[in-house]
Amino acid sequence: MAETPTNGDLNALLLYLRDQRGFDFTGYKRASLSRRINKRMQAVGAADYQAYLALLEANPGEFSDLFNTILINVTGFLRDREAWDYVSASVLPEIIGRKGPTDPVRVWSAGCASGEEAYSLAVLLAEALGEERFRRSVKIYATDADEDALTYARHARYTERVLTQAFGAERVKRFFELDGGTGVFRQDLRNSLIFGRHDLIQDPPISRIDLLVCRNTLMYFTADAQRRILTSFHFALTHGGYLFLGKSEALVRRTDLFQSVDNRQHVFRKDGRTRHERLAYSVSLPTRAFQGARDDTWRYAEAAFELSPTAQMVVNRAGVLILTNRHARALFGIGSADVGRPLRDLEVSHRPIDLRSPVDQVLRDRRPVMIGDVPLDPEGGDGQYLDFHLTPMADASGVNAVGITVLEVGRFKLLRDELERSQGELESAYEELQSAVEELETTNEELQSTNEELENTNEELRVRTGQLDEVNQFLQSVLSGLQSGVVVVNPELQVREWSQQAEELWGLRADEVDGRHFLNLDIGLPVDRLRTPIRSVLADGSVRHQLTVPAVNRRGRAITCAVTVSPLMAEGAVVGAILLMDVLPPQEAVVGPDDRS
């Protein structure tokens, strides 16, 4: 009998998956996770986790089967109809009601699986806003960690029976393109949906969201991972934004991040901000700006704190850790459950340095304290050094908290040691470091602007493509209206345009001659007699040739053809030649070299 795998072996496998494929399953519930992995191990005959890890190294294709087994995608259109009806009747009208006619509506479907949830949102929003405003204002971000599910969702085709059961025949006819018993969401409305890979634990949240839908996804994560994800959701939502969860997710009711709107339908709202939030940002906002700050100001303040490339923490006068940002949590191993606990009970209070005494000193003296060149691991000697900056934070009642900013300065320590004899040079190096930190903070804003510019560029390209299609249609109409056969060749005498009349005259279709050398075409026209006139026109754009030649049309009848060769000009240069070919009536047919320049 095979030995039962241990948790230690499972941890090694999970770390391997994270490092090799970027999937971090360490926050998933171990019981269900190990059950799904063992199911896959049994399918391939792996006796233990080590054997399965070796199999993954030898057969990279096994990763896809493993991830499909772990990431169970269970979804459906308007799943739990009563809850969706509530969102449609109560939540969407409230969101739309507070928007101006041109304001964007941003929605995030987290854990979208094969796309049914995202398309359900699209149908309800298109119906509520009207199709024109939907196309102009709505962005639905649909994300999942499963690339195969996303690929299906991007091009999803559903059976007409399933669509009709979910939306009704009238809605299906209005919002889906039906073909052979299946349907896809209309392409002009589909442009408002953006599908992308996103790991709820590792990746930063999408911001400025009005409605966030994440149904029956959190239940696969541990309680600590759920708290971290809910914190990210709180940051993602605008103030007053709605969170729509599934029936299996109950942890949100035990947090103070969201206000319950309807417990039965699992709808929550992000309202206001806590006293701790106001305290955390009061140090960085002038009083006048603080008193008159709008929601946008607070949103950027939240983003600056949470996404800052420097680790930051806030400890209140009672010695309780009340705020940490992402960098601090990763650097010191602080979990979401640690926020709200006394600093003295946490490892970060004494490792890598004792913070309790400096915190008391800042509260007592109301002056900043700086502790430099602290090794991150005093015993390991890995060369990582930190600078701790402790700053008093005050509100109207006085100093009530200490802000702790931690800079990673290992790579600068040698430079600072060498320049220690000169205080002026040391201060200069520190100012350069501060400048680098500020540039990194602004980079996040620049990246957001770049994303918005790319969206605008895509829209411009769609408009220009439409204009080009109109020009091409106009050109085809002009050519079709001419009685003459029209052929356009480039300077290499390759065919670039072949009109319908040319097809009727010589019996070759446009796709048969496109790109071929004109003088090599086997048609009833003696093309070799046109070689000299064409090359003359290409050499001198000021001349034009007319000649009459005997020919045989596509029906095998002898005809007399009048050919006019003219230059094709663009920006003052000859870029080709235009040939107009007309069949002369018998009484006008005079065959001969009738060249006129």
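Our structure's up above, just so we're on the same page.
Residues numbered from 1 in each chain as written. Predicted model: local features only at pLDDT ≥ 70, side-chain atom pairs only at ≥ 80, totals over all residues. Heavy atoms only, no water.

1. So, the sheet that holds strand 5 (residues 182-185)
For the record, the criterion: By this definition, two strands are paired if DSSP reports at least two bridges between them. Numbering of helices and strands runs from the N terminus, with a helix taken as a DSSP run of H or I at least four residues long and a strand as a DSSP run of E at least two residues long.
Pairing within the open sheet is antiparallel, and its three strands lie in the order 3-5-4. The open sheet terminates on both sides in strands that have one partner only, identified here as strand 3 (158-159) and strand 4 (176-179). By the bridge criterion, four bridges tie strand 4 to strand 5 in an arrangement that is antiparallel. By the bridge assignment for strand 5, Leu178 is matched with Gly183.

2. A few points about the packing of helix 5 (residues 81-97) against helix 6 (residues 116-129)
Put simply, the rule reads: Axis geometry follows a simple rule: fit a line to the C-alpha atoms, using only the stretch in contact for helices, then measure angles between N-to-C directions, giving values from 0 to 180 degrees. Angular relationships are summarised with four words: roughly parallel below 35 degrees, roughly antiparallel beyond 145, roughly perpendicular across 65 to 115, and oblique for the angles in between. By convention, the crossing between two helices is left-handed when the near helix turns anticlockwise from the far helix through less than a right angle, and right-handed when the turn is clockwise. Any two residues whose heavy atoms approach within 4.5 Å at even a single point are treated as in contact.
One way to put it is that helix 5 packs onto helix 6 with a least axis distance of 11 Å and a crossing angle of 55 degrees. Overall, the two elements helix 5 and helix 6 adopt an arrangement that is oblique. For the pair helix 5 and helix 6, the sense of crossing is right-handed. Every residue of helix 6 that contacts helix 5 at Trp84, Ser88, Leu92 and Ile96 is listed here: Glu117, Ser120, Leu121, Leu124, Leu125, Ala128 and Leu129.

3. Regarding the environment of Val107
We count it as follows: Throughout this description, buried means an accessible area under 20% of the type-specific maximum (1.4 Å probe, protein chains only), exposed means over 50%, and partly exposed covers the range between.
Mapped onto the elements, Val107 comes out in strand 1 (residues 105-110). A relative accessible area of 2% means that Val107 is categorised as buried. A sequence separation of 104 residues divides Val107 from Leu211, and the C-alpha atoms of the two residues are 4.9 Å apart. Setting aside anything within four residues of it in sequence, one finds Val107 in contact with Leu121, Leu125, Lys139, Ile140, Tyr141, Ile209 and Leu211.

4. What to know about the side chain of Arg186
The residue Arg186 is located in the loop between strand 5 and helix 11 (187-190) in this model. Here Arg186 falls in the buried class, since its relative accessible area comes to 16%. If sequence neighbours within four positions are ignored, Arg186 has contacts with Glu131, Arg135, Arg174, Phe175, Phe176 and Glu177.

5. Description of the pattern of salt bridges
Defined as follows: By salt bridge we mean one thing: a side-chain nitrogen of Lys or Arg within 4 Å of a carboxyl oxygen of Asp or Glu.
If you walk through the whole model with that rule in mind, you get 22 salt bridges. Here Glu347 and Arg351 are joined by a salt bridge, their closest N and O atoms 3.8 Å apart. One salt bridge connects Glu504 with Arg554, and the closest N-O pair in it is separated by 3.2 Å. Of this pair, Glu504 sits in helix 20 (residues 500-506) while Arg554 sits in the loop between strand 18 (545-552) and strand 19 (558-570), and the two are 50 residues apart along the sequence. By sharing partners, the salt bridges in this structure join Glu131, Arg135, Arg174, Arg186 and Asp188 into a single network.

6. Comments concerning the packing of aromatic side chains
Heads up, the rule is: Between 30 and 60 degrees the pair is tilted, below 30 it is stacked and above 60 it is edge-to-face, where a pair is any two Phe, Tyr or Trp rings, Trp via its six-membered ring, whose centres lie within 6.5 Å.
One pass over the full model with this rule turns up eleven aromatic pairs. Both rings, one in Tyr119 and one in Tyr158, keep their centres 6.1 Å apart while their planes meet at 75 degrees; by these two values the pair is edge-to-face. Here the residue Tyr119 occupies a position in helix 6, and Tyr158 occupies one in strand 3, the gap between them amounting to 39 residues. Look at Tyr119 and you get buried, because its relative accessible area is 2%. Given a relative accessible area of 6%, Tyr158 falls into the buried group. Pairing Tyr152 with Tyr158 gives two aromatic rings, centres 6.3 Å apart and planes at 75 degrees, and the pair type is edge-to-face.

7. Notes on the environment of Arg326
With respect to the helices, strands and loops of the structure, Arg326 is situated in helix 16 (residues 326-332). Between the C-alpha atoms of Arg326 and Pro309, which are 17 residues apart in sequence, the distance is 8.7 Å. Apart from the residues within four sequence positions on either side, Arg326 is in contact with Pro204, Pro205, Glu306 and Leu307.

8. Re helix 17 (residues 356-365)
Operational definition: Throughout, the arc means that of the directions going from the helix axis to the C-beta atoms.
The set of residues buried in helix 17 consists of Pro358, Val359, Val362 and Leu363. Viewed along the axis of helix 17, the buried residues span an arc of 135 degrees, placing them on a single side of the element. After helix 17 finishes, the residue Arg366 shows a positive phi value of roughly 60 degrees.

9. A closer look at the sheet that holds strand 6 (residues 193-197)
Each strand in a sheet pairs with another by means of backbone hydrogen bonds, the pair being arranged parallel or else antiparallel. Overall, mixed pairing links the seven strands, which are arranged 6-2-1-7-8-10-9 in an open sheet. The open sheet is flanked by strand 6 and strand 9 (259-262), the only strands paired with a single partner. Neighbour-to-neighbour, the strand axes of this sheet turn through a mean angle of 20 degrees, independent of strand direction. As defined by bridge partners, strand 1 adjoins strand 2 (residues 138-144) across six bridges and the pair is classed as parallel. Looking at the pairing, Val105 lines up with Val138 of strand 2. The sheet strands contacting helix 6 are strand 1, strand 2, strand 6 and strand 7 (209-214), and the helix crosses strand 2 at an angle near 170 degrees. Across the sheet, helix 12 (residues 223-236) lies against strand 1, strand 7 and strand 8 (237-245), angled at about 135 degrees from strand 8, the strand it touches most.

10. Comments concerning the side chain of Asn325
Let me state the cut-off plainly: Pairs of N or O atoms within 3.5 Å make up the polar contacts considered here, provided that, within protein, one atom can donate a hydrogen while the other can accept it, and that residues adjacent in sequence are counted only when both atoms are side-chain atoms.
Position of Asn325 among the secondary structure elements: in the loop between strand 12 (321-324) and helix 16. On the basis of relative accessibility, which here comes to 0%, the residue Asn325 falls in the buried class. A polar contact of 3.1 Å, which involves the side chain of Asn325, links it to the backbone oxygen of Phe305. A polar atom in the side chain of Asn325 sits 2.9 Å from the backbone oxygen of Thr310.

11. Here's the deal with the environment of Ala304
Along the polypeptide, Ala304 turns up in helix 15 (residues 295-306). Note on Ala304: relative accessible area 48%, which makes it partly exposed. Considering only alpha carbons, one finds Ala304 and Asn325, 21 residues apart in sequence, at a separation of 9.6 Å.

These results come straight from atomic positions and should not be treated as a statement about function.
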